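Examination of the molecular architecture
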Amino acid sequence: MKARLLIQLIGLCIFITLFSCSNTMQLTYTKPPAAPSIKGQIYVSIDDLRPPDRGGKDPFKVGFVRNAFGQPFPVKAAPDREPSKVVKELISVCLMSAGYKVVDDSSAAPHLRAQLKVFWSDGYQHSRMGLRMPIELRKSKKSIGVWAYELDVNTGFTVRSAGYKQFNSGYNKMLEVAKEKLVEQFKRTEFQSHYLALQ
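As the structure is a computational prediction, the values presented were derived from the model and not from experiment.

On to the overall build of the protein. Broken down by element type, the protein carries four helices and nine strands. Each helix (α) and strand (β) of the protein, taken in turn from the N terminus, gives the series α-β-β-β-β-α-β-β-β-β-β-α-α. Scored against the burial criterion, the 199 residues of the protein give a buried share of 43%. When contacts within the protein are restricted to residue pairs at least 6 apart in sequence, long-range pairs at least 24 apart make up 72% of them. Accessible surface computed for the protein: about 10800 Å², of which carbon and sulfur atoms make up 56%.

Okay, here's the thing in structure tokens:
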């Protein structure tokens with residue numbers, strides 16, 4: 001009886017520790033510098049295709065954090081940092097770093113379409129942060145893609161203490177890796193060649 005009560009008290013202490021910090025993730029990254037010259041214009045769109053239990057039903061849900069007994073507690077993005085909005089912004093700044101101007105008019109420029117399929121952390125001690133997003137370059141929304149790339153980021157870290165702060169750093173690291181990969185792709189001559197062929 002005493003042992004059971006002790007376990008419950010420990011669990012309560014861990015729960016209080018976890019929720020004494022904000023469970024909302026800021027999802028930030030350092031914006032790359034914009035290129036000095038413009039190669040052309042691109043319109044960017046994103047479809048949120050995450051599974052219902054992993055952000056599809058609740059778009060702000062980005063994973064779990066677990067207590068010492070493995071019980072999951074939800075982790076959510078901050079109110080102004082919904083993942084599909086964040087990755088669309090990320091794609092846009094990476095395009096600008098590669099020399100492309102992002103426009104709001106879909107009829108004025110080639111269309112870069114992204115599909116957000118994974119933005120998630122499992123919350124275990126050796127936690128993984130996953131971001132998967134196929135991207136296509138098209139002449140218009142309904143045309144066939146002429147260039148494709150699947151962004152696949154799988155970073156991780158070891159949970160060393162209770163609380164959400166380390167998870168926030170984990171998500172930010174994931175976005176930094178994604179940024180580096182996107183800038184590299186958009187700066188390639190292959191991407192530019194396919195872009196120019198649509199003009």
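With that settled, consider the packing of aromatic side chains. Taken as a whole and judged by the stated rule, the model has eight aromatic pairs. With 5.1 Å between their ring centres and 70° between their planes, Tyr 100 and Tyr 195 make a pair best called edge-to-face. With a gap of 95 residues between them, Tyr 100 in strand β5 (residues 100–103) and Tyr 195 in helix α4 (residues 189–197) connect regions that are remote in the sequence. Tyr 100 sits in the buried class, given a relative accessible area of 1%. Look at Tyr 195 and you get buried, because its relative accessible area is 2%. Aromatic side chains Phe 119 and Tyr 171 sit 6.2 Å apart centroid to centroid with 5° between the ring planes, which places their arrangement in the stacked category. Taken together, the residues Phe 119 in strand β7 (residues 118–121) and Tyr 171 in helix α3 (residues 165–186) connect sequence positions 52 residues apart. When its relative accessible area of 0% is taken as the criterion, Phe 119 is described as buried. We classify Tyr 171 as buried; its relative accessible area is 0%.

Even without a glycine there, the phi angle at Leu 27 is positive, about 50°. Here Leu 27 shows up in the loop between β1 (24–25) and β2 (40–48). The exposure class of Leu 27 is buried, given its relative accessible area of 0%.

This paragraph deals with the confidence of the model for the protein. Per-residue confidence for the protein gives a mean pLDDT of 86; residues scoring 70 or more make up 84%. Considering only residues more than four positions removed or in separate chains, one finds that residues 6–21, a stretch of pLDDT under 50, has 16 contacts.

So, about the nonpolar core. By size, the foremost hydrophobic cluster in this structure holds 45 residues, and its most contacted members are Ile 91, Leu 112, Phe 119, Tyr 171 and Phe 186. Among the elements that make up this core, the one with the highest residue count is α3 (eight residues).

Moving on, we come to helix α2 (residues 83–97). Compared with the 21 Å implied by 1.5 Å per residue over 15 residues, the 21 Å span of α2 between its first and last C-alpha is a close match. Burial of α2 is extensive: 11 of the 15 residues sit out of reach of the surface. Within α2 the residues assigned to the buried category are Pro 83, Ser 84, Val 86, Val 87, Leu 90, Ile 91, Ser 92, Val 93, Cys 94, Leu 95 and Ser 97. Phi for Gly 99, located one or two positions after α2, is positive at around 105°.

Glancing now at the side chain of Arg 81. Mapped onto the elements of the fold, Arg 81 is located in the loop between β4 (72–77) and α2. Side-chain polar atoms of Arg 81 contact the backbone oxygen of Leu 27, separated by 2.7 Å. With sequence-adjacent residues up to four places away left out, Arg 81 is seen in contact with Met 25, Gln 26, Leu 27, Thr 28, Tyr 29, Val 86 and Glu 89.

Moving on, we come to the pattern of salt bridges. This model, assessed by the stated rule, comprises nine salt bridges. The partner of Asp 48 in a salt bridge is Arg 50, with the nearest N and O atoms 2.7 Å apart. Overall, Asp 48 belongs to the partly exposed group, its relative accessible area being 32%. On the basis of relative accessibility, which here comes to 5%, the residue Arg 50 falls in the buried class. A salt bridge links Arg 188 to Glu 184, with the nearest nitrogen and oxygen atoms 3.1 Å apart. Residue class for Glu 184 comes out partly exposed when judged on its relative accessible area of 44%. Among the charged side chains, a salt-bridge network with shared partners connects Asp 48, Arg 50 and Glu 82.

The rules behind each value
- Residues numbered from 1 in each chain as written.
- Predicted model: local features only at pLDDT ≥ 70, side-chain atom pairs only at ≥ 80, totals over all residues.
- Heavy atoms only, no water.
- Helix = DSSP H or I, 4+ residues; strand = E, 2+ residues; numbered from the N terminus.
- Buried < 20%, exposed > 50% of the residue type's maximum accessible area, 1.4 Å probe, protein only.
- Contact = heavy atoms within 4.5 Å.
- Areas by Shrake-Rupley, 256 points an atom, 1.4 Å probe, with all protein chains shown as cover.
- Phe/Tyr/Trp six-rings, centres within 6.5 Å; stacked < 30°, edge-to-face > 60°.
- pLDDT = per-residue confidence, 0-100.
- Core = buried A, V, L, I, M, F, W, Y, C linked by side-chain atoms within 4.5 Å.
- Expected span 1.5 Å × (residues − 1).
- Polar contact = N/O pair within 3.5 Å; in protein donor to acceptor, adjacent residues only side chain to side chain.
- Salt bridge = Lys/Arg side-chain N within 4 Å of Asp/Glu carboxyl O.

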